[in-house]
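One-letter residues, chain by chain:
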Amino acid sequence: MSRLVVVGNGMVGHRLVAAMRDRDTAGDWEITVLGEETRRAYDRVALSSYVDGRSEEELRLDDDELRGDPLVTYHLGDAVATVDRDARRVATASGRTLTYDALVLATGSYPFVPPVPGKDLPGCFVYRTLDDLDAIKAAAAAAADDPGRRGRPSAIVVGGGLLGLEAARAMRLLGLSPQVVEIAPRLMPVQVDAGGGALLERLVTAQGIAVRTGVSLAAVSTDRGRLVGTLSDGVELDADLVVFSAGIRASDQLARDCGLPVGERGGVWVDDRCRTRDDAVWAIGECAALEGRTYGLVAPGYAMAEVVADRLLGGEARMTPEELDMSTQLKLLGVDVASFGDAHAVTEGALEIVVNDPVEGTYSKLVVSDDASTLLGGVLVGDASRYGALRPLVGSRLPDDPVTLISKGGAEPDASALPDSAQICSCNAVTKGTLCAAIADGAHTVPELKACTRAGTTCGSCVPALARILAQQGVEVSKALCDHFDHSRAELFEIVAGARITSFSALISRYGRGSGCDICKPVVGSILATLYNEHVLDGERATLQDTNDHFLANMQRNGTYSVVPRIAGGEVTPEGLIVIGEVARDYGLYTKITGGQRIDMFGARVEDLPAIWRRLVDAGFESGHAYGKSLRTVKSCVGTTWCRYGVQDSVGLAVELELRYRGLRSPHKLKSGVSGCARECAEARSKDFGVIATEHGWNLYVGGNGGFTPRHAELLVSDVDTATLVRTIDRFLMFYVRTAERLQRTAPWIEAMEGGLDHLRAVIVDDSLGICGELDAAMARHVDSYADEWAGVLADPQKLERFVSFVNAPDTPDPTVRFVEERGQNVPAPGRPDEPVLIGLPEVSSR
Ligand SMILES: Cc1cc2nc3c(=O)[nH]c(=O)nc-3n(C[C@H](O)[C@H](O)[C@H](O)COP(=O)(O)OP(=O)(O)OC[C@H]3O[C@@H](n4cnc5c(N)ncnc54)[C@H](O)[C@@H]3O)c2cc1C
Ligand code: SF4
């Protein structure tokens, strides 16, 4: 077996290990990874989302399968200090030595800090790793908590490039006032031209980020406990933090020390196989200088990792700098910027076509060949929604007049015009040809295409293009809900609403076949509940509900139920808390505060549910719908009520929204949050619809979620007043409920929508389909007809009959339910090894 040593456990080192384990089916290589950082590999491209609520786990790149792979060993927190090429041996800082047959340097880059006096003072940081961000967060929190301070804490961000703007946005999210200092005459000088730069500066400034271009930081000093940044023009800026984000340098010291050649501007020199001048040593990612040139993006690094994996396994892969895609899209809140191909029109004879609309706040430029037939590159500022469609066209004949391709309302580029070699996913270098081959091999949905080609799994900008290519390849994705209906959920919704069908049996007899199943029954039950808002356990509807809706509570692993009363906006009185405490104590329920700011009581026996609800309902509580595919909670921070940073009443709005949308049955659960300022303590951007207060009103974000595939919500409308906000959410929810597929949360619903967020905005803000009146009326009906489901059961003796463990012995409690005490509360007793696992519900009659 051969030994591969990988130095660096960053994004590219990780990709190499994953590619080796995918391809080395014979198990010929034993891999050891040596990483300087103590953490498991994480998504550095998404680093900034760490200050925006994403956790280290959510950013993690490796999975348990790779971690448990017997052919892969990790030594983290132990940097390689020396390489002895003659002995083919590396030694680490801790004294560990390892020999290799192949050595791959994947050491990335380090941030460049200009050599200004004071650069190492406490309060000065770089922006590259999770550790850097932890340190920045701690410093920002300390500055905010300083009792002697007046006004908002501030930060100087040195560098107005891609990373500098990301860092500035992160400072904003941390509650600091950022001031960006950029030596070039415009922001993002590498990617954006003068026209785009001017608009970009306007848009960035509107985000509360001050910008100073054409000046540099000359020195950092301290004055009465604060930092002072002196600029090259003599201006002095006070700050609590200074963040250097002024570029990167390849981490090539190891190579230099062991005598390997480096590129003219740094980076380990490698040939088109990514091999250094030593046959046993390779370099990939940001530390490598491919034929002398380094690349500061992840896509070239991933391509290098794939080439080396192929070579180590006997392949002949090679790469040329021309193949590398240097397109970039900035992930800055509310500011769309993208640059691709020859953005600066350096190709001889290149023509520039510019559409500049200062009123709309958009700047679009296409660079085309001298005969205007071939797209060479472009810059999009203010609206980059066409980036995903335009970027793959680089190098191809233009399918349309270039002006129409960037004009408002102009033609959408057609994917069918692309050659097979066109790169659709630049992060993972996936071409249209590869995607078409995968489709031919049976990948017939966007998730399947993502899984088998990796396209769309890094920055995600190409996902709409994947859907278009599927359609263009003639893939008819079956929308049939199940064997009993040929219609999708959205189509059934329209049928039920249009034909005013009020029962499952009427629907299936006219539009389906058979007697229904576990898929179609709950879906139709939910549609009927949305449209008519009658009790879900009324008559035949009771037979349609799934496990939890059956008992209006969540079934737990030991067959008991959890009870969650609604605590709108997380606001609860002391009297309410006392009642909850008394109920939990009297029924021996385990209590826990949930992530949605309410109290969950676990361990209720099915026959105790009505009595528990009775006490809660009498105290003014109602069902929190924790069991339903419906609105769960609207989480809130304390906003202007208590917080000195708050700019709006976030609790008041959260309570209003939660009471408005409670009980709305939907294709999946719905979560929401309201934050009283941009500090975002309610984590509203991880919700299906999240609201963040601004000085002028509210910003509404949609399509966020946690869970398996976390996603940040995107800005739908900004600075709107409360009435406009509520109307927009009404329409958003009703449009979602009406058109989403079964179990489709808002994020994939928007992703799958032709035109995505822009289309959604057109429909519910501009009423492009002329349905807003219907959506408004539907929500008004819902709000008017809401009634508490628990109270509905308590008032109906027939419904109460369902709440027994055994239909044939209603007074007998389930004897298998046992508890033990843990930390002062009841928890399920561990099962005996021979004890059967509870998998079903007790038999209940349907009427
Ligand atoms: C905030 C931010 C935003 C970004 N956004 C984008 C983007 O939108 N698009 C894009 O394409 N790229 C983006 N990038 C760049 C992208 O993250 C990098 O291109 C990518 O991480 C490079 O991967 P790498 O493995 O070469 O280097 P890294 O991910 O930096 O990993 C190198 C690893 O090697 C370790 N190491 C160094 N020396 C040693 C040693 N002697 N021994 C052991 N380990 C060592 C380092 O500690 C590090 O963990 C962004 C970067 C940042 C910081
Ligand atoms: S207003 Fe809300 S989001 Fe802003 S700092 Fe206060 S608690 Fe946090």
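Here's what I pulled together on the structure shown here. Sequence order as written defines the numbering, with residues in each chain counted from 1. Lettering for chains starts from A, numbering for ligands starts from 1, and both go in the order in which the items are written. Since the coordinates come from a predicted model, pLDDT governs what is reported: local features require at least 70, and pairs of side-chain atoms require 80 or more to be given and counted, while whole-chain, interface and lining totals use all residues. As a rule here, side-chain values come from all non-hydrogen atoms in the structure, and water together with hydrogens is ignored.

**Concerning the sheet that holds strand S14 (residues 226-231)**
In step 1: Reading across the sheet, the three strands line up as S13-S14-S15 and stay open at both edges, with antiparallel pairing between neighbours. The sheet is open, and its two borders are formed by strand S13 (217-223) and strand S15 (236-239), each paired with just one other strand. For this sheet, the mean angle separating the axes of adjacent strands, direction not counted, is 25°.
In step 2: Summarising the sheet, S13 and S14 pair through six bridges and their orientation is antiparallel. Bridge pairing in S14 places Asp223 opposite Arg226. At least two bridges found by DSSP between two strands is the condition for calling them paired. Runs of H or I in DSSP of at least four residues are treated as helices and runs of E of at least two as strands, each being numbered from the N terminus. To obtain each axis, a line is fitted to C-alpha atoms, and for helices this fit is confined to the stretch in contact; angles are then taken between N-to-C directions over 0 to 180 degrees.

**A few points about the sheet that holds strand S9 (residues 124-126)**
For sheets, the rule is that strands pair by backbone hydrogen bonds, running either parallel or antiparallel.
In step 1: Spatially, five strands are ordered S9-S16-S10-S11-S12 in an open sheet, and the strand pairing comes out parallel. In the strand order of this sheet, the two ends are held by S9 and strand S12 (210-213), each with one partner. Each strand axis lies, on average, 20° off the axis of its neighbour in the sheet, ignoring direction.
In step 2: Strand direction decides the pairing type here: S9 and strand S16 (residues 241-244), joined by three bridges, are parallel.

**Regarding unusual backbone geometry**
In step 1: One non-glycine residue with positive phi stands out, namely Cys274, at about 70°.
In step 2: In this structure, Cys274 sits in the loop between strand S18 (268-270) and strand S19 (281-283).
In step 3: Buried residues are those whose accessible area, probed at 1.4 Å on protein chains only, stays under 20% of the maximum for their type, while exposed residues exceed 50% and partly exposed ones sit between those limits. When its relative accessible area of 0% is taken as the criterion, Cys274 is described as buried.
In step 4: At Glu683, a position not held by glycine, the phi torsion is positive, near 50°.
In step 5: Residue classification places Glu683 among the partly exposed residues on the basis of a relative accessible area of 37%.

**Some thoughts on the packing of aromatic side chains**
In step 1: Working definition: a ring pair exists when centres of Phe, Tyr or Trp rings (six-membered ring for Trp) sit within 6.5 Å. Plane angles under 30 degrees give stacked, over 60 give edge-to-face, the rest tilted. Per the counting criterion, the structure on display carries 10 aromatic pairs.
In step 2: With a centroid separation of 6.3 Å and 75° between ring planes, the pair formed by Phe485 and Phe504 is classed as edge-to-face. Of this pair, Phe485 sits in the loop between helix H13 (463-472) and helix H14 (489-498) while Phe504 is found in helix H15 (residues 504-511), placing the two residues 19 residues apart along the sequence. Like Phe504, Phe485 is buried.
In step 3: An angle of 70° between the planes, with centres 5.6 Å apart, marks the rings of Phe735 and Trp749 as edge-to-face. Here Trp749 lies in helix H23 (residues 746-752) and Phe735 lies in helix H22 (residues 722-739), a separation of 14 residues in the sequence. Exposure class is identical for Phe735 and Trp749. Each is buried.
In step 4: In textbook terms, an aromatic cluster arises when at least three aromatic residues are bridged by ring pairs, as seen for Phe551, Tyr561, Trp613, Trp790 and Phe803.
In step 5: Whether a charge sits over a ring depends on NZ of Lys or CZ of Arg being within 6 Å of the ring centre and within 35 degrees of the ring normal. One Lys or Arg, Arg249, reaches over the ring of Phe112 and ends 4.0 Å from the middle of that ring.

**A short note on H14**
In step 1: Turning to H14, its buried residues number three or more, namely Arg489, Ala490, Leu492, Phe493, Ile495 and Val496.
In step 2: Contacts: residue pairs with any heavy atoms within 4.5 Å of one another. Among the structural elements, H15, helix H16 (520-532) and H22 are those in contact with the buried residues of H14.
In step 3: Directly beyond the C-terminal end of H14, a positive phi value near 50° is found at Arg500.

**Re the nonpolar core**
In step 1: Nonpolar core, defined: a set of buried Ala, Val, Leu, Ile, Met, Phe, Trp, Tyr and Cys residues in which side-chain atoms within 4.5 Å join the residues together. One finds Leu657, Phe689 and Leu760 to be the most contacted residues of the largest nonpolar core, which totals 57 residues.
In step 2: Element by element, the count of residues in this core is highest for H22, at nine residues.
In step 3: Leaving out residues up to four positions away in the same chain, Leu760 has contacts with Val702, Leu716, Phe732, Phe735, Trp749, Ile750, Met753 and Val765.
In step 4: Counting residues in each nonpolar core, the second largest holds 53 residues, with Leu34, Val298, Val308 and Met319 among its members.

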